[in-house]
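Fold and contact review
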Amino acid sequence: MTTTTLPAAPVTDAHALTGKRRIAFASYVDENYLPGFLTLLRSLALSNPGVCEDFVVLYDDLRPGSIARIRALHPRIVLQRVDDTHYDAYKKGDQDNYLVRKAYFILDVFRLRAYDTVITLDTDMVVLGDLGELLQLREGLAAVPQFFYGQHKLNSGLLVIQREYLSDEFCARIDRCGRSGDYELDKHDQGILNAVLDGDFVRLDPRYNFVKRRLSGDLPVPEDTAILHFTGRHKPWQGGEAGYSLAEEKWREYELSDADFHAAYLERPGGLHHDLVVHFGTPHVRRTGDVEVARKVAAAHIANGDYQDAVDILSGVRIPLDEAWPHEVLGHALMSVSRYEEAKARLLLATAAPNRAATAYSRLAQMAWVHGDDTEALRYATAGITVDPTHRPSRLWTQRAAAVPAQEQGSPGEQLAHVAFYMDRQGNAGDKLLPETVRLAFGSDITSRRWHSVHAHRLFDEAALERVNSRRGLVIGGGGLFIPDTMPNGNSAWQWNVPDALLNRIDVPIAVFAVGFNAFDGQSYRANRFRESLLQLVERSAFFGLRNHGSIEKVRAMIPARLHDKVRFQPCPTTVMRQLVDGWQDPVRRDDTILVNAAYDRAGLRFGHDYGYFLAQMAQAVRDLGSLAEVQCVAHSLDDEKIAFDLRREHGVSLPVIPMYDFDNDEIRDLYARTKLVIGMRGHAGMIPFGVGTPIISLISHPKMAYFLRDIERPEWGVSVHDRHLAARLVERATDLLSDHAKTVADVHGRQQELWKATEANAADLRVILGS
């Protein structure tokens, strides 16, 4: 089929597809103000330990050693060399004066194009409190009004600049003002900005730019001060100024050596950002051999999908036998890179401590299950429940290990082997439906008479190889199997735990069917292991079909050009469900409902700093949508119910919750076929209802949602969770889709027919390949 090419962005530009805000801090730094900037960086990390955004350093004369000192204090420094030649036409005053030069350079912030929000900080500032409110600002240009010169003027030491001001149009306004000379002489950036804005800016509380001059006479710094600004000529690192000793004491709290700073950060309570833990913790561990810090760094690596790095940091320190937690984390890392025997030894050590035993036992159960030993898995999982009856992972592994496998029917020569993620009871509803739907694409018999199940997460060993090679072919799919962290392993670095050597010994035809590249915006495959395994899989496959063109482009970028033509489009079979289910009948009548789904796995990657905004917008949308139909929450997994809890707690909005994770496959299809509209964040909260003929609006927090909508040439059926007018857009689009529901359903059917044509064409090839 032909897909629409949109000019907005390349199909694989994750940020453009999800609309996730890119945020950066920015400062102009020179050698004279370097001590102030280093203190600013330390204060930012210690006062906001969970925040780690890009920090743009505007500079023109920093020495290499100074740059190294800056990089040591922040893992995401972006160096931007600037000059003031484009301001020659409107320079005034002493060009050697730092404040004047800084004024010119800071105006270059408005020439940054890589970010949606930029927060400028002067190098004579120190951060004392939470900046969450600033990170959540989404509109306008925000600043603190000048204390001495009236509320209509801003103090430019702190600016929160949104996308519309980071533009050529606004830069042109600055240039016109500068060339006209119609601005105040002192502090050119303030003069020009005040002249251009003429009081039109969002006013922030003074605590975000609390100027030192307000503390004259040694007044104490107010406890709620978030940013203290040492305005004036006398800076703390230059000896300070009489009458401000209490303020300067605050500054000196952050005048630390690197070693003391690292230790101070790592001792902070609460949520530490994993990038900062790694950046500060790694040199700390090298210097001290601190086992507890090594554990924190390893856990941060694991959270980021860097499993080998986690192994390396903990393997480099001596862990006492009775230190259970580091052993447990090292065991987790080792099993994630498939060093199973070493992992088992570490986890057994961790079971000695009551507070770590349940987790250690659940990981031991997982490893035993991965190796096909259900008896051992059940023993370990039961031990975990014995230690902690409330431990959910142990309960899940108990259920999985105790499950009775399907009875094999028919002869192996009549069967296809099927690698898939077979979801547990009360697991994700979409993933539960997927294996069955893939099989329907090959015929109506989905039972073990025709299919031999191979769970993707179980180690593909010699016995598994023998079983597969006795079948007439191997089907791999569907779902987003190309994701690095759902069930990490070191054999392939994606969901199928298959070593290359065994993959290359499969001698029956291999068909990769409707697999998706599922990395989130901000998530990547860091190991070469994935690329190597992917290359082997493409080369060995007789059919290699991916479920959207975004995934196709991602995979083609990782393999040689000679293999590009092997990668073809195969829609997810859930999107053509009406064509696959024998005797399918569209509903005679539909329930007067709108179903809403939200997803919370990897919430930081989905929402960034915008979850509060998303929730408020959804509260308004649910209220307004109620005039169109009854709004209900449909939960694909237990965690999806969070939106209902949060809406009621934060906004007083109550939603009935439908526990779809408890449904069987027929019930899932039936519910989605009977509703009028689905507004869903999960991929299969869009694809399944679409597949049964129901209109959809996708809440886009993952590129795959946009990939699908582009493939069906209906990008307008998606709204980013970060959209500035999310509630209004949802209500407007829902109203449009429901105003002539029959016409909308017919459009869904028409779009589906195009996907069905692609599926039928592939089916003809697969019949030849698999001999059926």
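Since we're looking at a predicted model, the values are computed, not measured.

On to helix 8 (residues 245-252), then. Taken together, the buried positions of helix 8 are occupied by A247, E248 and W251. Around the axis of helix 8, the buried residues are gathered within 95° of arc, so they sit on the same side. Contacts made by the buried residues of helix 8 are with helix 2 (34-47), strand 5 (125-127) and strand 10 (227-229).

What follows is about the pattern of salt bridges. Tallying each qualifying case throughout the model produces 45 salt bridges. D640 serves as the salt-bridge partner of R682, at 2.9 Å between the closest nitrogen and oxygen. Note that R682 is positioned in the loop between strand 21 (677-680) and helix 28 (684-691) and D640 in the loop between strand 19 (630-635) and helix 26 (642-651), a separation of 42 residues in sequence. The exposure class of R682 is buried, given its relative accessible area of 10%. With a relative accessible area of 0%, D640 lands in the buried category. When salt bridges with common partners are traced through the structure, they connect D601, R602, R606, D640 and R682 into a single cluster.

Right, let's get into the packing of helix 13 (residues 324-336) against helix 15 (residues 354-370). Look at helix 13 against helix 15: their axes get within 10 Å of each other, and the N-to-C directions meet at 20°. Of the possible angle classes, the one that applies to helix 13 and helix 15 is roughly parallel. Handedness of the crossing formed by helix 13 with helix 15: left-handed. Facing A324, W325, E328, H332 and M335 of helix 13, the residues of helix 15 in contact are R356, T359, A360, R363, Q366 and M367.

Taking strand neighbours across the sheet as the criterion, the 6 strands line up as 20-19-18-21-22-23 in an open arrangement whose pairing is parallel. Two strands close off the open sheet at either side, each with one partner strand: strand 20 (657-659) and strand 23 (718-720). Ignoring which end each strand starts from, the neighbouring axes of this sheet average 25° apart. Of the strands in this sheet, strand 21, strand 22 (696-700) and strand 23 touch helix 29 (residues 703-711), which is tilted by about 145° from strand 22.

Strand order in the open sheet formed by 3 strands is 5-10-9, with mixed pairing between adjacent strands. A single partner strand is all that each edge strand has here, and the edge strands are strand 5 and strand 9 (210-211). Across 3 bridges, the pairing between strand 5 and strand 10 is antiparallel. Bridging from a neighbouring strand, V126 pairs with L228 of strand 10.

What follows concerns the packing of aromatic side chains. As enumerated under the stated definition, the model contains 25 aromatic pairs in all. With a centroid separation of 5.4 Å and an interplanar angle of 75°, the aromatic rings of Y33 and W237 are classed as edge-to-face. With Y33 in the loop between strand 1 (23-28) and helix 2 and W237 in the loop between strand 10 and helix 8, this residue pair connects regions lying 204 residues apart in the sequence. You'll find Y33 and W237 in the same group, each marked buried. With a centroid separation of 6.1 Å and 35° between ring planes, the pair formed by Y611 and F614 is classed as tilted.

Rules used throughout
- Residues numbered from 1 in each chain as written.
- Predicted model: local features only at pLDDT ≥ 70, side-chain atom pairs only at ≥ 80, totals over all residues.
- Heavy atoms only, no water.
- Buried < 20%, exposed > 50% of the residue type's maximum accessible area, 1.4 Å probe, protein only.
- Helix = DSSP H or I, 4+ residues; strand = E, 2+ residues; numbered from the N terminus.
- Arc of directions from axis to C-beta.
- Contact = heavy atoms within 4.5 Å.
- Salt bridge = Lys/Arg side-chain N within 4 Å of Asp/Glu carboxyl O.
- Axes fitted to C-alpha atoms, helices over the stretch in contact; angles between N-to-C directions.
- Parallel < 35°, antiparallel > 145°, perpendicular 65-115°, else oblique.
- Left-handed = near helix turned anticlockwise from the far one by under 90°.
- Pairing = 2+ DSSP bridges.
- Phe/Tyr/Trp six-rings, centres within 6.5 Å; stacked < 30°, edge-to-face > 60°.

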